[in-house]
Amino acid sequence: MKDLTPKTDIGLSCTMDENGCCIVPDQQNQLDWAYWDNQWAAGQTGWDIGYVAPALKDWFDSIEDKSLSVLIPGCGNAHEAEYLLSIGFTNITVIDIAPVAVRILKEKFSNQPNIQVIQGDFFEHEGAYDVIVEQTFFCAIDPLLRASYCEKMQKLLKPNGVLGGLLFDRKFEQGPPFGGCKCEYTPIFHKNGLEVLEMDITGGSIPERQGSELFFKAKSKN
Ligand SMILES: C[S@@+](CC[C@H](N)C(=O)[O-])C[C@H]1O[C@@H](n2cnc3c(N)ncnc32)[C@H](O)[C@@H]1O
């Protein structure tokens, strides 16, 4: 009989739970590159909305200087980068930890000199950016790493740089995604080097996420 068990990029078998999520073997059961690569290899990318979220589009449209350096961590299919390129941005970096995702990106952007595609761990990445875009990356990491996320963002932001994007304003039974609320996020940001400039429920969500997302902007406290 034909074996229909999805095979991952790194040769692991992957079984599905009742929600269609890829269950990885116990020793792999942490949110590392192998976990994410399994999700990608099994086509379990339910987080991908397929286009740039309206709130992000509005924000990008409002930025006049298209030469600003932009980083999109945990970028997945990087629809935000496609949109930024389409409106003239010239200095975009996208990073994802999953080799399968990065292969797709490298092909998609093969003729684009204005975008750099990096396979790697956000927490190890070095650089200095004017704009950093958050789109379902914060909710994908272990909540224990939220302080490190903020500290790393502070290091990656230029003095006048802005981190902005969408955060869930709801809980999930089991993550990822890991949700939360403004009252939970604001103190973590403030304690770990970021000043929150705004963080409010947005009307710029996709219909499926309407009323359950916060649009925020933050800058380094330094
Ligand atoms: C929930 S998905 C979101 C993807 C994309 N931002 C979107 O909204 O479609 C999270 C992504 O982050 C990547 N990822 C997880 N941990 C990472 C890390 N430490 N560094 C870089 N990428 C990471 C995963 O491979 C995955 O593609």
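The rules behind each value
- Residues numbered from 1 in each chain as written.
- Predicted model: local features only at pLDDT ≥ 70, side-chain atom pairs only at ≥ 80, totals over all residues.
- Axes fitted to C-alpha atoms, helices over the stretch in contact; angles between N-to-C directions.
- Helix = DSSP H or I, 4+ residues; strand = E, 2+ residues; numbered from the N terminus.
- Parallel < 35°, antiparallel > 145°, perpendicular 65-115°, else oblique.
- Contact = placed C-beta atoms within 7 Å.
- Nonpolar A, V, L, I, M, F, W, Y, C, P; charged D, E, K, R; others polar.
- Buried ≥ 20, exposed ≤ 12 C-beta atoms within 10 Å, placed from the backbone.
- pLDDT = per-residue confidence, 0-100.

**Here's the deal with the packing of helix H1 (residues 33-41) against helix H4 (residues 99-108)**
Here's step 1: Between H1 and H4, the shortest axis-to-axis distance is 7 Å and the interhelical angle comes to 55°. Classified by the angle between their axes, H1 and H4 sit oblique to one another. Residues Asp37, Trp40 and Ala41 of H1 form the contact with H4, whose participating residues are Pro99, Val100 and Ala101.
Here's step 2: Looking at side-chain class alone, the contact of H1 with H4 contains five nonpolar, no polar and one charged residues.

**A look at the environment of Trp47**
Here's step 1: Structurally, Trp47 is set in the loop between H1 and helix H2 (54-62).
Here's step 2: Separated by 93 residues in sequence, Trp47 and Ala140 place their C-alpha atoms 9.7 Å apart.
Here's step 3: Once residues within four sequence positions are removed from consideration, Trp47 is found in contact with Thr136 and Pro177.

**Quick word on unusual backbone geometry**
Here's step 1: Of the consecutive residues Gly175 and Pro176, the connecting peptide bond is found in the cis state with omega at -5°.
Here's step 2: Of the consecutive residues Pro176 and Pro177, the connecting peptide bond is found in the cis state with omega at 5°.
Here's step 3: Following the sequence through the fold, Pro177 ends up in the loop between strand E7 (157-168) and helix H6 (182-191).
Here's step 4: In this structure, Ala78 takes a positive phi of about 55° despite not being glycine.
Here's step 5: Note that Ala78 resides in the loop between strand E3 (70-73) and helix H3 (79-86).
Here's step 6: What makes Ala78 buried here is the crowd of 26 C-beta atoms within 10 Å.
Here's step 7: One non-glycine residue, Thr136, adopts positive backbone phi at about 45°.
Here's step 8: Mapped onto the fold, Thr136 is located in the loop between strand E6 (129-135) and helix H5 (146-156).
Here's step 9: Accessibility expressed as a C-beta count within 10 Å gives 20 for Thr136, which makes it buried.

**What about the confidence of the model for the protein chain?**
Here's step 1: Across the protein chain, the average pLDDT comes to 90, with 87% of residues at 70 or higher.
Here's step 2: The least confident element of the protein chain is strand E2 (residues 22-23), whose mean pLDDT is 42; the most confident is E3, at 99.
Here's step 3: Within the model, the stretch residues 1-28 combines pLDDT values under 50 with 43 contacts to residues more than four positions away or in other chains.

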